[in-house]
Amino acid sequence: RGTVKAAPSFDARADAEALRKAMKGMGTDEETILKILTSRNNAQRQEIASAFKTLFGRDLVDDLKSELTGKFETLMVSLMRPTYIFDAHALKHAIKGAGTNEKVLTEILASRTPAELRNIKQVYLKEYEANLEDKITGETSGYFQRLLVVLLQANRDPDGRVDESLVEQDAQVLFRAGELKWGTDEEKFITILGTRSVSHLRRVFDKYMTISGFQIEETIDRETSGDLEKLLLAVVKCIRSVPAYFAETLYYSMKGAGTDDDTLIRVMVSRSEIDLLDIRQQLRKNFAKSLHQMIQKDTSGDYRKALLLLCGGDDE
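The numbers attached to residues start from 1 for each chain and follow its sequence in the written order. Reporting in this predicted model follows two pLDDT cut-offs: at least 70 for local features of residues, and 80 or more for side-chain atom pairs to be given and counted; totals over whole chains, interfaces and linings ignore these cut-offs and use all residues. As a rule here, side-chain values come from all non-hydrogen atoms in the structure, and water together with hydrogens is ignored.

## A word on the overall build of the protein
Here is step 1: Runs of E in the DSSP output that reach at least two residues are strands. Runs of H or I that reach at least four are helices, and both are numbered from the N terminus. Looking only at helices and strands, one finds 20 helices and 0 strands in the protein.
Here is step 2: Relative to the globule expectation of 20 Å for 316 residues, the C-alpha radius of gyration of the protein, 21 Å, shows essentially globular dimensions.
Here is step 3: In the protein, which comprises 316 residues, the share counted as buried stands at 49%.
Here is step 4: Of the contacts formed within the protein by residues at least 6 apart in sequence, a portion of 71% connects residues at least 24 apart. As a reference, a globule follows 2.2 Å times the number of residues to the power 0.38, and the radius of gyration itself is taken over C-alpha atoms. Think of it in three bands: residues with accessible area under 20% of the maximum for their type are buried, residues over 50% are exposed, and the middle band is partly exposed, with areas taken using a 1.4 Å probe on protein chains only. Note on contacts: a residue pair is in contact if any heavy atoms of the two residues lie within 4.5 Å.

Have a look at this one:
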């Protein structure tokens, strides 16, 4: 359900030549660059980079960095990163230097599948010769850190038959750990939300509503705060629907004054081959806005053109 598919009749050499020509000499032909890079999938972009090096002895990403600027440069360079390197890179930057970007940690670790998380950890180790879990543990603390570590284990139960008696039990445990308790037993929330299967948790949320009269989100909102609250809510939203979670993330990246371009780029690039069509539909349904029109209104120039091509159409 992505908007970006493998280009038919693809010729890596021809693309590499066109890109070289677009960046050679005086001035840069941005239009050619954005058209090529947004209409090839990630695997094809890697082939173009390799053909580029073979033909010209130059690094395509380095050339893009020297020829382009600003948000447009960030977007094009992001498109050139292999998928798991893209996530690993985003995480590395989220925990680098002074201050940690909890928002990025939350978004990636809450939304990726166990298989994706295992790949990200391997790639992180290979690329940066560091253990992602150690890095995250060094930069975070408390229950927020514990839930991140649980998610990073990527040991969520595989989806299978749902045992109704366990559904009832988990819902009761959550109710007792939150609404019925003076203070909150965060650990129960972390264990259940971090390890149970997606289909099991969806049933738990329904059962929770029946038992308590509250949506699980309302309880999390009341019983927790700060980064832990945001992470628990992100996990719940992704269990309910990953596309709906990203629709909300995109909506708030552009709503109101100013645009959160880092988030906009990260989501558009990382979901373009996975579920951007579903995200567009959810955004339309939940916010009565079209992603295409929001991008149109909030961005400009080549950056806007490229984002609109990735968006792949309007939902009137």
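## Focus on the side chain of Arg81
Here is step 1: Residue position: Arg81 is located in the loop between helix 5 (70–80) and helix 6 (83–94).
Here is step 2: Working convention for charge: Lys and Arg count positive, Asp and Glu count negative, and His plus the chain ends are omitted. One speaks of a salt bridge when a side-chain nitrogen belonging to Lys or Arg is within 4 Å of a carboxyl oxygen belonging to Asp or Glu. An unpaired buried charge is present at Arg81: no salt bridge exists, and Glu127, the closest side chain of opposite charge, is 7.9 Å distant.
Here is step 3: Two N or O atoms form a polar contact when they lie within 3.5 Å of each other; inside protein one atom must be a possible hydrogen donor and the other a possible acceptor, and for residues adjacent in sequence the pair counts only when both atoms belong to side chains. Here the side chain of Arg81 touches His89 through a polar contact of 3.3 Å, side chain to side chain.
Here is step 4: Among all residues touching Arg81, those that are not within four sequence positions of it are Asn42, Gln46, Phe86 and His89.

## Observations concerning the nonpolar core
Here is step 1: If you look at the biggest cluster of nonpolar residues, it comprises 97 residues, and the most contacted ones within it are Met76 and Met268.
Here is step 2: No other element matches helix 15 (residues 226–240), which puts 9 residues into this core.
Here is step 3: If sequence neighbours within four positions are ignored, Met268 has contacts with Leu250, Leu276, Leu291, Ile295, Leu307, Leu310 and Cys311. Residues belong to a common nonpolar core when they are buried Ala, Val, Leu, Ile, Met, Phe, Trp, Tyr or Cys residues joined through side-chain atoms within 4.5 Å.

## Structural notes on the packing of helix 11 (residues 164–177) against helix 12 (residues 186–195)
Here is step 1: With their axes 9 Å apart at the nearest point, helix 11 and helix 12 run at an angle of 150° to one another. Classified by the angle their axes make, helix 11 and helix 12 are roughly antiparallel. The crossing of helix 11 and helix 12 is left-handed. Each of Asp170, Val173, Leu174 and Ala177 in helix 11 lies in contact with helix 12, whose residues at this interface are Lys188, Phe189 and Ile192. Helix axes are fitted only over the stretch in contact, all axes being lines through C-alpha atoms; the angle between N-to-C directions runs from 0 to 180 degrees. Note on terminology: angles under 35 degrees are roughly parallel, angles over 145 are roughly antiparallel, angles of 65 to 115 are roughly perpendicular, and the others are oblique. Note: crossing handedness is left-handed where the near helix turns anticlockwise from the far helix by less than a right angle, and right-handed where it turns clockwise.

## Quick look at helix 3 (residues 42–56)
Here is step 1: The end-to-end C-alpha distance of helix 3, which contains 15 residues, comes to 21 Å, matching closely the 21 Å that a straight helix rising 1.5 Å per residue would cover.
Here is step 2: Here the buried face of helix 3 lies against helix 1 (12–23), helix 2 (30–38), helix 4 (60–67), helix 5 and helix 6.
Here is step 3: Downstream of helix 3 by a residue or two, Gly57 has a phi angle that is positive, lying close to 60°. Expected helix span is given by 1.5 Å per residue-to-residue step, counting one fewer step than there are residues.

## A short note on the side chain of Ser212
Here is step 1: By the secondary structure assignment, Ser212 is in helix 13 (residues 198–212).
Here is step 2: Classification of Ser212 by relative accessible area gives buried; the value is 14%.
Here is step 3: A distance of 2.7 Å separates a polar side-chain atom of Ser212 from the backbone oxygen of Tyr208.
Here is step 4: At 3.0 Å, the side chain of Ser212 forms a polar contact with the backbone nitrogen of Phe214.

## Let's talk about the environment of Lys289
Here is step 1: Residue placement: Lys289 occurs in the loop between helix 18 (276–287) and helix 19 (291–298).
Here is step 2: Lys289 gets classed as partly exposed once you look at its relative accessible area, which sits at 37%.
Here is step 3: Each C-alpha atom of the pair Lys289 and Tyr251 lies 8.5 Å from the other, and the pair is 38 residues apart in sequence.
Here is step 4: Apart from residues no more than four positions distant in its own chain, Lys289 is found in contact with Tyr251, Leu283, Arg284 and Met294.

## As for the pattern of salt bridges
Here is step 1: In the structure shown here, the tally under the stated rule is 22 salt bridges.
Here is step 2: As a salt-bridge pair, Lys35 and Glu31 come within 3.0 Å of each other at their nearest N and O atoms. With a gap of 4 residues between them, Lys35 and Glu31 both fall in helix 2, about one helical turn apart.
Here is step 3: Here Glu248 makes a salt bridge to Lys237, at a shortest N to O gap of 2.9 Å. Of this pair, Glu248 sits in helix 16 (residues 242–254) while Lys237 sits in helix 15, and the two are 11 residues apart along the sequence.
Here is step 4: One network of salt bridges, in which partners are shared, links Glu31, Lys35, Asp302 and Lys305.

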